[in-house]
Amino acid sequence: MKFNTKTIHGGQQHEEATGAVMPPVFFTSTYAQSSPGQHKGYEYSRGANPTRTALENSFAAIEGGSHGFAFSSGLSAIDCVLRLLNPGDEIIAGDDLYGGTYRMFTRLFKKYGLEFSFVDMNDVANVTDKITEKTKLVWLETPTNPLMKIADIQVITAAVKDVDDSILVAVDNTFATPYLQQPLSLGADIVMHSATKYLGGHSDLVMGALMVNNAKLAEDLHFIQFAAGAVAGPMDSFLALRGVKTLHIRMQRHSENGRAVANFLKNHSKVDEVYYPGLEEHPNHNIAKKQMKDFGGMVSFRLKDKSKEAAFKFLENTHVFTLAESLGGVESLVNHPSTMTHASIPEVERLKIGITDSLIRLSVGIEDEDDLLQDLDKALNL
Ligand code: P1T
């Protein structure tokens, strides 16, 4: 199947009893057994639920994986990956990550004896230089949140595996989605998503996903999912499955509008830098062109006026763009990383990588392009 068919049919079967084209929402915690241990494949919904199974099969299909797992949030999916590790193990991660991922690494898992290094993934040597015999995981986010940096998944994975084949490479593919890039096909071991974002696509649920192409890894992750228990519920699974069915057409429009917004901002007198991997002047444009089909709907930029007041004036005055955390829904959102999504990163660290008060992040939705540009122009010119 081609990708645009997989979003709709990948891993899906009509429901056995009635032929229902969409899986019913199985609102049940448990399943009748005819004799102890004799059941129809479902025992208890923390282990598996048929609506979640349908979604997990879809997740696997769209990322080209053999197994998919749906969690109660993106962070609980990341938590599941980290629970593969043991105290003393080392993780190398990118230096620009969603604030909540950074918070989980540094404030939760560090106290259980995991060691993290944060490096600029633009140079593969920064990663390989940090590898020791204790390194067990490399964590990539690309494009990064919020600075839209691009890491070369294939080059980094090959270099890491060349040093030690047993080191896992995980990619947070939330911003790109499998429509734009498929990390498993580039050598990564694990793909992670905040399915809250583009996979769900409608800002109506919180969910995480993991996809893998390795039966042993799938077994280990399933054990943790079951034993730790942060599973996606049946209603959210139904909504996410419905969302995935339009992923390809939404991503086409997000990319068209993202490009239009990036070009508009680039030429605006009130705007300084624009961060969008589709712009030729983006420092990683060539890597993005190589590993991504298009460039998506996330655009960050800096105002020329670097004051917090100027940023807040803009943020308070858009109307089609709603000021809110999150991203990836059909509606356009605007966010101030330094005070909102990335406030949990200490200020010195934030400033080191460029998350200043003048940085603004847009999640460009699928509304009409003219309305989006007009809205931005009005708020910029106030
Ligand atoms: O919010 P949750 O579903 O738990 O996912 C966490 C997460 C993980 N990875 C990336 C790249 C993310 O962007 C997120 C969540 N991000 C936001 C809420 C945000 O506004 O950036």
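What counts as what
Residues numbered from 1 in each chain as written. Predicted model: local features only at pLDDT ≥ 70, side-chain atom pairs only at ≥ 80, totals over all residues. Heavy atoms only, no water. Helix = DSSP H or I, 4+ residues; strand = E, 2+ residues; numbered from the N terminus. Rg over C-alpha atoms; globule rule 2.2 N^0.38 Å. Contact = heavy atoms within 4.5 Å. Areas by Shrake-Rupley, 256 points an atom, 1.4 Å probe, with all protein chains shown as cover. Lys, Arg positive; Asp, Glu negative; His and termini not counted. Charge placed at Lys NZ, Arg CZ, Asp CG, Glu CD. Phe/Tyr/Trp six-rings, centres within 6.5 Å; stacked < 30°, edge-to-face > 60°. Buried < 20%, exposed > 50% of the residue type's maximum accessible area, 1.4 Å probe, protein only. Near = heavy atom within 4 Å. Polar contact = N/O pair within 3.5 Å; in protein donor to acceptor, adjacent residues only side chain to side chain. Nonpolar A, V, L, I, M, F, W, Y, C, P; charged D, E, K, R; others polar. Pairing = 2+ DSSP bridges. Axes fitted to C-alpha atoms, helices over the stretch in contact; angles between N-to-C directions. Parallel < 35°, antiparallel > 145°, perpendicular 65-115°, else oblique. Left-handed = near helix turned anticlockwise from the far one by under 90°.

**Let's talk about the overall build of the chain**
(1) Moving on: Broken down by element type, the chain carries 14 helices and twelve strands.
(2) Moving on: The C-alpha atoms of the chain give a radius of gyration of 21 Å, which matches the 21 Å a tight globule of 382 residues would have.
(3) Moving on: A principal-axis box enclosing the C-alpha atoms of the chain has dimensions of 75 × 50 × 35 Å.
(4) Moving on: In the chain, of all internal contacts separated by at least 6 residues, the share reaching a separation of at least 24 is 72%.
(5) Moving on: When the accessible area of the chain is evaluated, it comes to approximately 16,100 Å², of which 51% is carbon and sulfur surface.
(6) Moving on: The positive charge centre, built from 36 side chains, and the negative charge centre, built from 47, are 2 Å apart in the chain.

**Here we look at the packing of aromatic side chains**
(1) Moving on: Tallied over the entire structure, the rule returns nine aromatic pairs.
(2) Moving on: Ring plane angle 90 degrees and centroid distance 6.0 Å describe the contact between Phe105 and Trp139, whose orientation is recorded as edge-to-face. In this pair, Phe105 sits in helix H4 (residues 99-108) while Trp139 sits in strand E4 (residues 135-141), placing the two residues 34 residues apart along the sequence.
(3) Moving on: The buried category is assigned to Phe105, whose relative accessible area is 0%.
(4) Moving on: Both rings, one in Phe109 and one in Tyr112, keep their centres 6.3 Å apart while their planes meet at 70 degrees; by these two values the pair is edge-to-face.
(5) Moving on: You can call Phe109 buried: its relative accessible area is 7%.

**A short note on the site of the ligand**
(1) Moving on: Neighbouring residues of the ligand: 18 residues in total, closest Asp172, Thr196, Lys197, Ser326 and Arg361.
(2) Moving on: Between the ligand and Gly74, the relevant distance is 2.9 Å, taken from an oxygen atom to a main-chain nitrogen or oxygen of the residue.
(3) Moving on: Take Ser194: an N or O atom from its side chain is 2.8 Å from an oxygen atom of the ligand.
(4) Moving on: Counting only elements with at least two residues in the shell around the ligand, the list comes to helix H3 (74-82) and strand E6 (190-194).
(5) Moving on: The residue makeup of the shell around the ligand, split by class, is five nonpolar, eight polar and five charged.

**Brief notes about the sheet that holds strand E12 (residues 359-363)**
The strands that make up a sheet pair up through hydrogen bonds in the backbone, lying either parallel or antiparallel.
(1) Moving on: The strand order across the open sheet built from five strands is E8-E9-E12-E11-E10, with neighbouring strands paired in mixed fashion. The open sheet is flanked by strand E8 (271-275) and strand E10 (322-323), the only strands paired with a single partner.
(2) Moving on: Sheet strands in contact with helix H12 (residues 308-316) are strand E9 (298-303), E10, strand E11 (333-335) and E12, and its direction is about 135 degrees off that of E9.

**Quick notes on the packing of helix H10 (residues 247-266) against helix H14 (residues 369-380)**
(1) Moving on: Between H10 and H14, the shortest axis-to-axis distance is 10 Å and the interhelical angle comes to 30 degrees. The angle between H10 and H14 falls in the class roughly parallel. H14 is crossed by H10, and the crossing has right-handed handedness. Contacts between H10 and H14 involve Asn257, Ala260, Val261, Phe264 and Leu265 on the former and, on the latter, Glu369, Leu372, Leu373, Leu376, Asp377 and Leu380.
(2) Moving on: Of the residues in the contact of H10 with H14, the class split is eight nonpolar, one polar and two charged.

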